[in-house]
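Fold and contact review
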Amino acid sequence: MSKIPTTVITGFLGAGKTTLVRHLLAHAPKGKRIALIINEFGDLGVDKDILAGCGDETCREEDMVELSNGCICCTVADEFIPTMQALLARPDKFDHIIIETSGLALPQPLIRAFNWPEIKAQVTIDGIVTVADASALAEGRFASDEAAVDAQRRQDEMLDHETPLGELFEDQLSVADLVVINKADLLDAAMLDKVEANIRAELRPGVGVLRAQNGHVDITALLGLGMSSEDDIANRPSHHELEHEGEPHEHDDFDSFSIRLPAIAGKDELLAIIESTIRTHDVLRLKGFAAVPGAAARLAIQAVGPRITAYFDRPWKDGETRDTALVVIGESPLDRAAITSSLEKAAA
């Protein structure tokens, strides 16, 4: 029996993982049945809601499994393994499995899980795709640019070591079989070349690099890599495992919470308040949906730092509660009361 190929899509917060998955599902060959496991950091599932229905026959909503309010690397035994076992026990076998990790997940524990006997006998990692945010890297965040690091140190006297976020990003690069540099359209050619050169300096020999806009990548470049990545874990080092071997992985550096607003004054007011809140409280990531007065469709919101993308993704369903639900993610501790109070200014 041939093993089911699995594609693991990782990358930092807001790099465009969900956008890439949406594109992949929408352009997968008809008749190819795909299962999707989505891991979110926060207690309000947003990504599954964005992806539901975009694959039609390829990936039905019942074939999507959401692991929320936790990091997949911390819940391998308790959540991921049982989820995989349940998918594999279904009578209709899948042609491919896609896993979208949380932007805060260390990828190595997940990869090691594919060597568990009950998984390894039936599934193999076709490839690990790491999505990188070209615009963020150009600003010196999570890149191996000494000048950018020195500039950060001059601005913050307390920064005398590599940040946890930087280590996380390097771990995500170290496991990659393919790196997608997303949001390439936001940079000029010279800066994009510099970003790519910095990324390539961190990669193992032979790892492919692609540039993309809005996650649009030819799916033949994403699927069918045939890497069996779980067999090569020893050549994909991790900061955490090298420095903290034997210690449990914690996410004390990150905090997340959700907020609901029953009604908002308007789209422009909401987006302006979100941007102001992000800048004031140094929020890393904000995402969710909003009910705009007079609009028949819900407004999807994705923010990475102060950069906000908002679009009407689908009409409200009959009987669906029309409210505004947002997830806030940042470095711990977040001032939840102050952030909530700020966002509530958008209420009608």
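None of the values given here were measured: they were computed from a predicted structure.

With that settled, the discussion passes to the overall build of the protein chain. Looking only at helices and strands, the protein chain features 12 helices and 12 strands. The proportion of buried residues among the 348 residues of the protein chain is 55%. At a minimum sequence separation of 6, the contacts of the protein chain that also span at least 24 residues come to 80%. In the form shown here, the protein chain has an accessible surface area of approximately 15,400 Å², with 49% of it arising from carbon and sulfur atoms.

For Asn-182, the position within the fold is in strand 6 (residues 178-182). Overall, the relative accessible area of 3% leaves Asn-182 in the buried class. A distance of 2.9 Å separates a polar atom in the side chain of Asn-182 from the backbone nitrogen of Gly-215. Apart from residues lying up to four places away in sequence, Asn-182 is in contact with Ala-15, Gly-16, Val-131, Ala-132, Asp-133, Ala-134, Ala-212, Gln-213, Asn-214 and Gly-215.

With that settled, consider the environment of Glu-202. Mapped onto the secondary structure, Glu-202 falls in the loop between helix 9 (189-200) and strand 7 (208-211). Assessed through its relative accessible area of 31%, Glu-202 is described here as partly exposed. Considering only alpha carbons, one finds Glu-202 and Leu-173, 29 residues apart in sequence, at a separation of 7.0 Å.

To continue, consider the nonpolar core. For soluble globular proteins, nonpolar side chains are generally found buried alongside one another. Ranked by size, the top nonpolar core spans 24 residues in total, and within it Val-179, Ile-181, Ile-199 and Leu-203 carry the most contacts. Counting residues per element, the ones that place at least two in this core are helix 6 (134-138), helix 8 (164-174), strand 6, helix 9 and strand 12 (324-331). Beyond its immediate chain neighbours, meaning those up to four positions away, Val-179 contacts Thr-130, Ala-132, Leu-173, Ile-199, Leu-203, Val-207, Gly-208, Val-209 and Leu-210.

For the pair helix 11 (residues 267-281) and helix 12 (residues 336-343), the least separation of the axes is 9 Å and the interaxial angle reads 160 degrees. Taken together, helix 11 and helix 12 sit at an angle that is classed as roughly antiparallel. For helix 11 against helix 12, the interelement crossing comes out right-handed. Facing Ile-273, Ile-274, Thr-277 and His-281 of helix 11, the residues of helix 12 in contact are Ala-338, Ile-339, Ser-342 and Leu-343.

Next up on the list: the pattern of salt bridges. Going through the model one piece at a time under the given rule, you end up with 12 salt bridges. The shortest N-O distance in the salt bridge between Lys-120 and Asp-231 comes to 2.7 Å. Separated by 111 residues along the polypeptide, Lys-120 in helix 5 (residues 117-120) and Asp-231 in the loop between strand 7 and helix 10 (239-243) bring together distant segments of the chain. For Lys-120, a relative accessible area of 25% translates into the label partly exposed.

Here the focus is helix 12. By the burial criterion, the buried members of helix 12 are Ile-339, Thr-340, Ser-342 and Leu-343. Take helix 12 and look down its axis: the buried residues cluster within an arc of 160 degrees, on one side only.

As a further point, take the confidence of the model for the protein chain. Per-residue confidence for the protein chain gives a mean pLDDT of 78, with 77% of residues at or over 70. Every residue in residues 143-154 is under pLDDT 50, and counting partners more than four places away or in other chains gives 13 contacts. Scored below 50 in pLDDT, residues 156-163 shows seven contacts in the model against residues more than four places distant or in partner chains.

The subject of this paragraph is the packing of aromatic side chains. For the structure on display, the rule yields zero aromatic pairs. Against the face of Phe-289 rests Arg-298, its NZ or CZ located 3.7 Å from the ring centre.

As for its placement among the helices and strands, Leu-110 is situated in helix 4 (residues 107-113). Among the residues examined, Leu-110 registers a relative accessible area of 1% and is labelled buried. Taking the C-alpha atoms as reference points, Leu-110 and Ile-81, 29 residues apart in sequence, are found 9.6 Å from one another.

Cut-offs and rules
Residues numbered from 1 in each chain as written. Predicted model: local features only at pLDDT ≥ 70, side-chain atom pairs only at ≥ 80, totals over all residues. Heavy atoms only, no water. Helix = DSSP H or I, 4+ residues; strand = E, 2+ residues; numbered from the N terminus. Buried < 20%, exposed > 50% of the residue type's maximum accessible area, 1.4 Å probe, protein only. Contact = heavy atoms within 4.5 Å. Areas by Shrake-Rupley, 256 points an atom, 1.4 Å probe, with all protein chains shown as cover. Polar contact = N/O pair within 3.5 Å; in protein donor to acceptor, adjacent residues only side chain to side chain. Core = buried A, V, L, I, M, F, W, Y, C linked by side-chain atoms within 4.5 Å. Axes fitted to C-alpha atoms, helices over the stretch in contact; angles between N-to-C directions. Parallel < 35°, antiparallel > 145°, perpendicular 65-115°, else oblique. Left-handed = near helix turned anticlockwise from the far one by under 90°. Salt bridge = Lys/Arg side-chain N within 4 Å of Asp/Glu carboxyl O. Arc of directions from axis to C-beta. pLDDT = per-residue confidence, 0-100. Phe/Tyr/Trp six-rings, centres within 6.5 Å; stacked < 30°, edge-to-face > 60°. Lys NZ or Arg CZ within 6 Å of the ring centre and 35° of its normal.

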